[in-house]
Structures are given as C-alpha cells and as structure tokens.
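What the coordinates show
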Amino acid sequence: MSVDPLSDALAVADARSVFSGGFTAGGDWAIRLRGRDRLKVNAVVRGGCLLVREPAGEPLRLTEGDVVISDGGQPYTLCSRPGVEPTDSEDVVMDPATRMGRLGPGEDVDVVCVSGHIDLSRDRGDLLRRALPELVHVRADSPEAGVLRWLIGQLAAEMRTRRAGVELVSAQLAQLMFVQVLRVCLAESDGLPPGWLRAIADERLAPALRLMHGDPAHPWQLEELARAAAMSRTTFAVRFKEAAGVPPLTYLLNWRMNLAARALRQDTAPVGALARSVGYTSESAFSNAFKRAVGVAPRRYREEALARS
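Quantities reported herein were computed from a predicted structural model and do not represent experimental measurements.

Conventions adopted
- Residues numbered from 1 in each chain as written.
- Predicted model: local features only at pLDDT ≥ 70, side-chain atom pairs only at ≥ 80, totals over all residues.
- Heavy atoms only, no water.
- Helix = DSSP H or I, 4+ residues; strand = E, 2+ residues; numbered from the N terminus.
- Buried < 20%, exposed > 50% of the residue type's maximum accessible area, 1.4 Å probe, protein only.
- Contact = heavy atoms within 4.5 Å.
- Lys, Arg positive; Asp, Glu negative; His and termini not counted.
- Charge placed at Lys NZ, Arg CZ, Asp CG, Glu CD.
- Salt bridge = Lys/Arg side-chain N within 4 Å of Asp/Glu carboxyl O.
- Phe/Tyr/Trp six-rings, centres within 6.5 Å; stacked < 30°, edge-to-face > 60°.
- Core = buried A, V, L, I, M, F, W, Y, C linked by side-chain atoms within 4.5 Å.
- Expected span 1.5 Å × (residues − 1).
- Arc of directions from axis to C-beta.
- Pairing = 2+ DSSP bridges.

**Let's talk about the overall build of the protein**
When you go through the protein residue by residue, the secondary structure sums to 12 helices and 11 strands. The 309 residues of the protein split such that 47% are buried. A separation of at least 24 residues holds for 73% of the contacts in the protein among residues at least 6 apart in sequence. The positive charge centre, built from 39 side chains, and the negative charge centre, built from 38, are 5 Å apart in the protein.

Put into structure tokens, the structure is as follows:
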C-alpha cells in the first residue's frame, strides 16, 4: 500500500524540473519573464530584487536565498527598482558555457539569480497547476528553507564550475528544489487552493487518501473511507471537499484517470488490462469515463502521446 501520496502525484504528473540558466546584474536593471504555460522557478543566490506581477501587481521583495514559483499564467518582472524599462528574457544574451546572462550597466555584481521551469506537458498541467497558488514565495528565513538554501548553493556551484556531469546534476538538483518547495507548501497549507496538495496536508484525511492511492482499483465506498478517517460520512465528505475541491469519490475517479493517462503514455499494455488496473471491469465503461475526464478516447490519447515523444 502506498504511504506517500505526494510522491505518487509527482510520479503521475511526470513533472520535470528543468534548469534553464540565470543572470547576474548590477546597477539599475529589469527583466520581464513571460508566462509560458508552465511553472517558472527563480531563486536568488546573491543580493536581492523586486518581483512585480502584471498587470499592476504590488512589488514583492526577494532577498538572498528566496525562491519563487509562478504558475506561468501572467508575465512578471524582476528588477532592481520600480520604473526601470524591462528587457525581455528572450533578448538577454546568454553565455553558452554557463547559461548566465548579464543585466544592468553596473560593473559590480549586485544580484545573482538562477532560473528554471517545471515541465507540465505530460499531464497537460492539470494535476499540479490546480493544486498550487498563482505564486509561491519561500522566504530564506522560513523554518523549511534550510535544505532549499543548500540546494540553491549546490546548483550555483554546478553552474560556476561546469564539472563533468553538470547537466544531469543540475536537473536532479532542480527536481529536488521543486519537491522541497512543495514540502514548504504542505507545511503552510492555509495558503493553498483546494486541491490534492491541500488534501495531503490534512492529517485527518491522510488515512483515506492512503487507501485510495494504495489500491485505486478497489471499489471504495464513502462509508469505508470515512471510517478510515474516524469521521462520520457527512463530516468526512464535507471536510474532504473543502480540502480537495471535489467529493471523495470524484477525487478517486480523477486519480484513476491520472494513473491511466500515465500508463497510456509509458507502456503498451492493452486498454482492457489498463481498465482493470484502475477498477473497471468493462473496457467500454473505462473508455467512456476516460474520454469524459481527459477529452479524448484512451487509444487516441496514447497515439498523441507517442507522436509528441
């Protein structure tokens, strides 16, 4: 039986952290980072700057060791101060060896930032994007930030030294940074929107979630799940919907469809066998449920996934 729904969800989403580079800056500077339908990550290695979300967002002060994750829906600007005309990120000249750009006229290096993104293309962004707020700000002085600071330092060192294996190590460090940010979100779950991440953070719901994740093919009933959480049916149903944003059995259905989508992307098992693995005795019933949830039939989804890969 699964005991770690967070690892389950990350595996099903096939989320991949991709390190893309960074920049150094001195004097007055600003850079606009546009939404790309993916989660954007920025970490301040040295110094500090302002983050301004568009349109007309209030400036957010970032200091050394801070990390932010944006949902990619709206552009935002990193800058030394408000009012500086921003350079578009695509216009920044990058050093091909270090993948670092230079901003501002100053000779000194006042700020160092590293950047990356979370690739959501494999699950079309649904599982992760709905679970996170528009902007996650992890402050360097937060109780959970110690590991994150170490990871940022290691990533900066990899960029600076460019030792053998730098691409693999950077990708793994970026992935660990993302997981640590999610752990921070779990520790501060009051700021999360309703979704699977907020549900995972609720210790009262954890036993029911472990049952659904551990045996998704089982025909779970509301009574069984409520009993596992030591609540009445009504109390459990209300609390679960408030946390997850959907009723318990709808969550189970969505989880089964996410598992099925990953299986369709990753292997060639017959659709009928896949249907049984997520609790359907009829291939046609599974196909209809999958099409309602995902928008295309299972075989078409597999064909599209193969074409993209």
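**Some remarks on the pattern of salt bridges**
For the structure shown, the criterion picks out eight salt bridges. A salt bridge links Arg32 to Glu54; the nearest nitrogen and oxygen atoms lie 2.8 Å apart. In this pair, Arg32 is assigned in strand 2 (residues 30-33) and Glu54 in the loop between strand 4 (48-53) and strand 5 (60-63), connecting sequence segments 22 residues apart. Accessibility expressed as a relative area gives 25% for Glu54, which makes it partly exposed.

**Topic: the packing of aromatic side chains**
Here the structure, examined in full by the defined rule, presents six aromatic pairs. Between the aromatic rings of Phe286 and Phe290, the centroid separation amounts to 5.8 Å while the plane-to-plane angle is 45°, which identifies the pairing as tilted. Here Phe286 and its partner Phe290 are both found in helix 11 (residues 283-294), four residues apart, which amounts to about one turn of the helix. Within the aromatic cluster, the residues linked to one another by ring pairs are Tyr280, Phe286, Phe290 and Tyr301.

**Looking at the nonpolar core**
Counting residues in each nonpolar core, the largest one holds 72 residues, and the members touching the most others are Phe178, Trp196, Leu197, Phe236 and Phe286. Sort the elements by how many residues they give to this core and helix 9 (residues 248-266) lands first, with nine residues. Sequence-distant contacts of Leu197, defined by excluding residues within four places in its chain, comprise Leu6, Ala131, Leu132, Leu182, Cys185, Leu186 and Leu192.

**With respect to helix 8 (residues 233-244)**
With 12 residues, helix 8 extends 16 Å between its outermost C-alpha atoms, agreeing within 8% with the 16 Å of an ideal straight helix rising 1.5 Å per residue. Within helix 8, burial applies to Phe236, Phe240, Ala243 and Ala244. Taken around the axis of helix 8, the buried residues stretch over an arc of 80°, which confines them to a single face. Of the residues in helix 8, the exposed ones pointing more than 90 degrees away from the buried face are Thr234 and Glu242. Residues of helix 8 that are buried in the fold lie against helix 5 (196-201), helix 6 (206-214), helix 7 (222-228) and helix 9. Just downstream of helix 8, Gly245 is the residue with a positive phi angle, here 85°.

**What about the environment of Thr87?**
Among the structural elements, Thr87 can be located in strand 8 (residues 87-88). As a C-alpha pair, Thr87 and Val184 span 97 residues in sequence and 31 Å in three-dimensional space. In this structure Thr87 touches Ala30, Ile31, Arg32 and Val92, once residues within four positions along its chain are discounted.

**Side note on the sheet that holds strand 8**
Read from one edge to the other, the open sheet built from five strands follows the order 5-4-7-2-8, with strand pairing classed as mixed. Each end of this open sheet is capped by a strand with a single partner; those strands are strand 5 and strand 8. Bridge count between strand 4 and strand 5: four bridges; the pairing is antiparallel. Across the sheet, the residue bridging to Cys49 is Leu62, located in strand 5.

**Focus: helix 12 (residues 298-308)**
Among the residues making up helix 12, those that are buried are Pro298, Tyr301, Arg302 and Ala305. Taken down its axis, helix 12 places every buried residue within 100° of arc, on the same side. For helix 12, the exposed residues lying more than 90 degrees away from the buried face are Arg299, Glu303 and Ala307. If you follow the buried residues of helix 12, they end up packed against helix 9, helix 10 (271-277) and helix 11.

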